[in-house]
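# Topology and contacts: notes
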Amino acid sequence: MGYSIDLEETRFGFPSLKTLLAKASPERSGDRLAGLAADGPVERLAAQLRLADLPLSELAQDVLEVDGDDVTALILEGWDRDAFAPVSHLTVGGFRDWLLAPETDADVLAALTPGLTPEMVAAVSKIMRAQDLIAVARKVRVITRFRSTIGLPGRISTRNQPNHPTDDSRGIALSALDGLLMGAGDAVIGVNPATDTLEDYIRICEVLEAIRTQLDIPTQHCCLGHVTTAISAIEARAPVDLVFQSVAGSTKANDGFGVTLSMLDEAHEAIRALGRAPVGANLMYFETGQGAALSADAHHGMDQQTMEARAYAVARRYSPLLVNTVVGFIGPEYLADGKQIIRAGLEDHFCGKLLGLPMGVDICYTNHSFADQEDMDLLLTALAAAGVSFVITVPGADDIMLNYQSLSFHDAQFIRETLGHPPAPEFEAWMEARGIGTPDADLPSLEAALGALRLPAA
Amino acid sequence: MKPPSRNAVPGDIAAITEARLTFGQRGRALDTRAALRFSLDHARAREAVMAELDMARIAGHLAEAGLEHRSVTSAAATRDAYIRRPDLGRTLPGAEAERLAGAGPVDVAIVLGDGLSGIAANLAGPAFVTALATRLSAAGLSHGPVVIAAQARVALGDPVAMALGAQTVVVALGERPGLSAADSLGVYITRAPRIGTPDSARNCLSNIREGGMDVETAADRAMALIRTMRRIGTSGVALSQHIAGAGLPER
């Protein structure tokens, strides 16, 4: 079934729902690379006008149009018609107005969440400006817990990301300590391993566990290896707090990550059975990012932002502690410049939150993108206003393992001071007890802090 | 060039990590010198990404070494198009392929491209291809003219090799710059290249630069890989597994 709209003397036609969604997407290089983008600003606006008149309920169908896609099946099976009822009569445009209305508050949005599909939230985001995405996301409350509580109103958490190019135990510890001495790490201390062997995975968990227990930090840690490695480590009774996996919005794209839903089910069960977490804790951590499906040639003709929202359907099945988009990491062929990265970061945060996820953002870019640290400052400020659950921080904004730039520990201090967003309350109390962040407090030097740590033998 | 804060890094910590750790005062922001030095490192990376091939310099070096060359440009006409459209950087337009007419057939095609750091190609590129060509000739393998490729992705080497009738292609090009090094050359070697060759069918050498792997070592390793892939008829993951299985030395 096709869609069309007449603007003055010109008729604009869109052969399918996914074509309409793609043409209505704000400009980004990935949709152009895929050959899906609008030809220009007028065709984009025509698509947005047509999309605004589309009944929201029309999006509760197989928009991807791929037989046997298990993410589509997950979306359709999980769709709660009763929860959808309050907005079932609305168009996409009417839904935007409804979201922005003052009566639509945190409780209303929480009740609506199971009634929304990724395609619905992606569609409405395409006709929302930056301030709309900020205003609505700020109203959504998603609170998750492990040893710290993430997502409380007015707070912002950080992942301390102490990556090292050879996974050196002391190198990881030094970067982690550098962040802890600046109050970073209340969401998680999480390492992207350079290798993916079980031995290294377990050693990294043990290093992070040593830091956490010896310094008595109310946080959790994670080695971001492959889910199958995590399962093996759990079987070996390694100190695994959180299971991590990158996920995407189609079966084929998840195949590209070497992951299936049944693997994730198995990992979720295994980490629950390990029993390290407080009762009722959230136990999973997912990363996503626009362009992941396209880069695996697994987008099936769907625009990259809608594919990204579909990845959130995978994540929400597991009530994760943390989810973040790695917004500028995938490269300029998907998000070319600061403007596109900023827009995508706000979209991803909005869509994730509206689908009920504890959404964080890796505010970042690569050296071949047309972006710099100033774009990251602006995205951080906008996301803090939007109530982002957590952001990723590394020493001096320079990730020496993955070779890209994220936020620095200092950047988190900037947003805490400037907008007054403290970290998780448990972590805040830990900082206060140690004098971290207190002017003129007598903190140990990095050398002394490393020297005082008893790390497991390599 | 290192940020000035690293001068103050205690020696044992400098040996453990290059992370931009904070020593001394833990303020709200990086101090002015560290902040500006970060910006300078980024500026160098950006300069490398946007740099064009220095054709005169490269051609001069090759002529001095007695090597012929041909020049081609991918379907990405500009640096901007190259960065946003990797598919164009992998495509050799028909008119460009004609520039290679009559240069084949050869055993091994040598391609020197800009990749994501024209600076790396300009600096280490001529010395590497010269060292490799010398070794190929000594081994009795023909290589034909060095193909200097502008706006080139790794896979541009596949249609170049097909135009030259080569069963092996060596593509040397600039790697994506990091903050600490913007001049790393990468080398990708592929046996039986064709359109659509997956990356898993290539073997790679990286971090070829002053302060990293030197060009002579890189050329030795490239030759060892070429010899092995000519013997077993394949490259990439399959070759790595073959080496691991047979316990063959890689260099």
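Since the structure is predicted, the reported quantities are computational estimates derived from the model, not experimental observations.

### So, the interface of chain B and chain A
A common way to express how large an interface is: the accessible area buried when the components associate. Counting residues at the interface gives 33 residues for chain B, matched by 41 residues for chain A. A combined buried area of about 3100 Å² lies between chain B and chain A, and 61% of that area is made up of carbon and sulfur atoms. Per-residue buried area on chain B facing chain A is highest for Ile16, Arg26 and Arg28 of chain B; these three make up 23% of the total on that side. The interface formed by chain B and chain A includes two salt bridges.

### Observations regarding the packing of aromatic side chains
All names here are of chain A. This structure, assessed with the given rule, holds seven aromatic pairs over all chains. Ring centres of tyrosine 285 and phenylalanine 390 lie 6.4 Å apart, and the angle between their planes is 75 degrees; on these two criteria the pair is classed as edge-to-face. You can see tyrosine 285 sitting in strand β9 (residues 284–288) and its partner phenylalanine 390 sitting in strand β12 (residues 390–394), a full 105 residues away along the chain. By relative accessible area, which is 0% here, tyrosine 285 ends up buried. With centroids separated by 5.1 Å and ring planes inclined at 40 degrees, the aromatic side chains of phenylalanine 427 and tryptophan 430 adopt a geometry described as tilted. A residue pair is termed a helical-turn pair when its members lie 3 or 4 positions apart in one helix, as phenylalanine 427 and tryptophan 430 do in helix α20 (residues 425–434) at three residues. Side by side, phenylalanine 427 and tryptophan 430 carry an identical accessibility label, which is buried.

### Re unusual backbone geometry
The step from glycine 104 of chain B to proline 105 of chain B runs through a cis peptide bond, and the omega angle for that step is -5 degrees. Locating proline 105 of chain B in the fold gives a position in the loop between α6 (94–98) and β2 (108–115). Residue aspartate 440 of chain A is not a glycine yet carries a positive backbone phi of 65 degrees. Relative to the helices and strands, aspartate 440 of chain A is located in the loop between α20 and α21 (446–452). Even without glycine at this site, glutamine 151 of chain B takes up a positive phi of about 50 degrees. Note on placement: glutamine 151 of chain B falls in the loop between β3 (146–150) and α8 (157–164).

### Quick notes on the pattern of salt bridges
Residues and elements named next belong to chain A. For the structure shown, the criterion picks out 30 salt bridges over all chains. The salt bridge involving aspartate 297 is made with lysine 252; its shortest N-O contact spans 4.0 Å. Taken together, the residues aspartate 297 in the loop between α15 (292–295) and α16 (304–316) and lysine 252 in helix α13 (residues 251–256) connect sequence positions 45 residues apart. Residue lysine 252 is classed as partly exposed on the basis of its relative accessible area, which comes to 39%.

### Quick word on the pairing of β3 of chain B
The side chains of a regular strand alternate, first on one face of the sheet and then on the other. All names here are of chain B. Burial runs high along β3: five of the five residues are buried. Sheet analysis places strand β1 (residues 69–73) next to β3, joined by five bridges and oriented parallel. Across the sheet, arginine 70 pairs through a bridge with valine 147, a residue of β3. Bridge analysis of β2 against β3 gives three bridges, and the strand direction is parallel. For glycine 113, the partnering residue across the bridge sits in β3 and is alanine 149. The handedness of the β2 to β3 crossover, carried by helix α7 (residues 118–138), is right-handed.

### Some details on the nonpolar core
Phe95 and Tyr285 of chain A are the most contacted members of the largest nonpolar core, which has 155 residues in total. Each residue touching tyrosine 285 of chain A, except ones within four places of it in the same chain, is listed here: Arg159, Val188, Cys222, Leu224, Leu242, Val243, Phe244, Gln245, Leu322, Asn324, Phe390 and Ile392 of chain A. The next biggest cluster of nonpolar side chains, apart from the first, holds 37 residues, and it includes Ile148, Val215, Ile226 and Ile243 of chain B.

### Structural notes on the side chain of histidine 164 of chain A
Here histidine 164 of chain A shows up in the loop between β5 (157–160) and α10 (169–180). Excluding residues that lie within four positions of it along the chain, histidine 164 of chain A makes contacts with Gly171, Ile172, Ala194, Ile400 and Met401 of chain A together with Ile16 and Thr17 of chain B.

### Let's talk about the pairing of strand β10 (residues 322–325) of chain A
All names here are of chain A. Of the two faces of β10, both are covered, the one formed by Leu322 and Asn324 as well as the one formed by Val323 and Thr325. Relative to β10, β9 runs parallel, the two being bridged by four bridges. Directly across from threonine 288, in β10, lies its bridge partner threonine 325. Relative to strand β11 (residues 359–361), β10 runs parallel, the two being bridged by three bridges. Residue threonine 325 lies in a different strand from β11, and its bridge partner there is valine 361. At this point the chain moves from β10, through helix α17 (residues 338–354), to the parallel β11, and the crossover so formed is right-handed.

### A short note on the packing of helix α3 (residues 55–64) of chain B against α7 of chain B
All names here are of chain B. For the pair α3 and α7, interaxial distance at closest approach is 10 Å and the crossing angle is 20 degrees. For the element pair α3 / α7, the angle class is roughly parallel. By crossing handedness, the relation of α3 to α7 is classed as right-handed. Contact with α3, carried on its side by Arg57, Ile58, His61 and Leu62, involves Ala121, Asn122, Leu123, Pro126, Val129 and Thr130 of α7 and no other residues of that element. Broken down by class, the residue content of the contact of α3 with α7 amounts to six nonpolar, three polar and one charged.

### Examining the confidence of the model for chain B
Predicted confidence across chain B gives a mean pLDDT of 90, with 94% of residues reaching 70 or more. Note that pLDDT drops below 50 for residues 1–7 of chain B; the model gives that stretch 13 contacts with residues more than four away or on any other chain.

Criteria and cut-off values
- Residues numbered from 1 in each chain as written.
- Chains lettered and ligands numbered in written order.
- Predicted model: local features only at pLDDT ≥ 70, side-chain atom pairs only at ≥ 80, totals over all residues.
- Heavy atoms only, no water.
- Contact = heavy atoms within 4.5 Å.
- Buried area = accessible area lost by both parts, 1.4 Å probe.
- Salt bridge = Lys/Arg side-chain N within 4 Å of Asp/Glu carboxyl O.
- Phe/Tyr/Trp six-rings, centres within 6.5 Å; stacked < 30°, edge-to-face > 60°.
- Helix = DSSP H or I, 4+ residues; strand = E, 2+ residues; numbered from the N terminus.
- Buried < 20%, exposed > 50% of the residue type's maximum accessible area, 1.4 Å probe, protein only.
- Pairing = 2+ DSSP bridges.
- Right-handed = clockwise from strand over helix to strand, strands pointing away.
- Core = buried A, V, L, I, M, F, W, Y, C linked by side-chain atoms within 4.5 Å.
- Axes fitted to C-alpha atoms, helices over the stretch in contact; angles between N-to-C directions.
- Parallel < 35°, antiparallel > 145°, perpendicular 65-115°, else oblique.
- Left-handed = near helix turned anticlockwise from the far one by under 90°.
- Nonpolar A, V, L, I, M, F, W, Y, C, P; charged D, E, K, R; others polar.
- pLDDT = per-residue confidence, 0-100.

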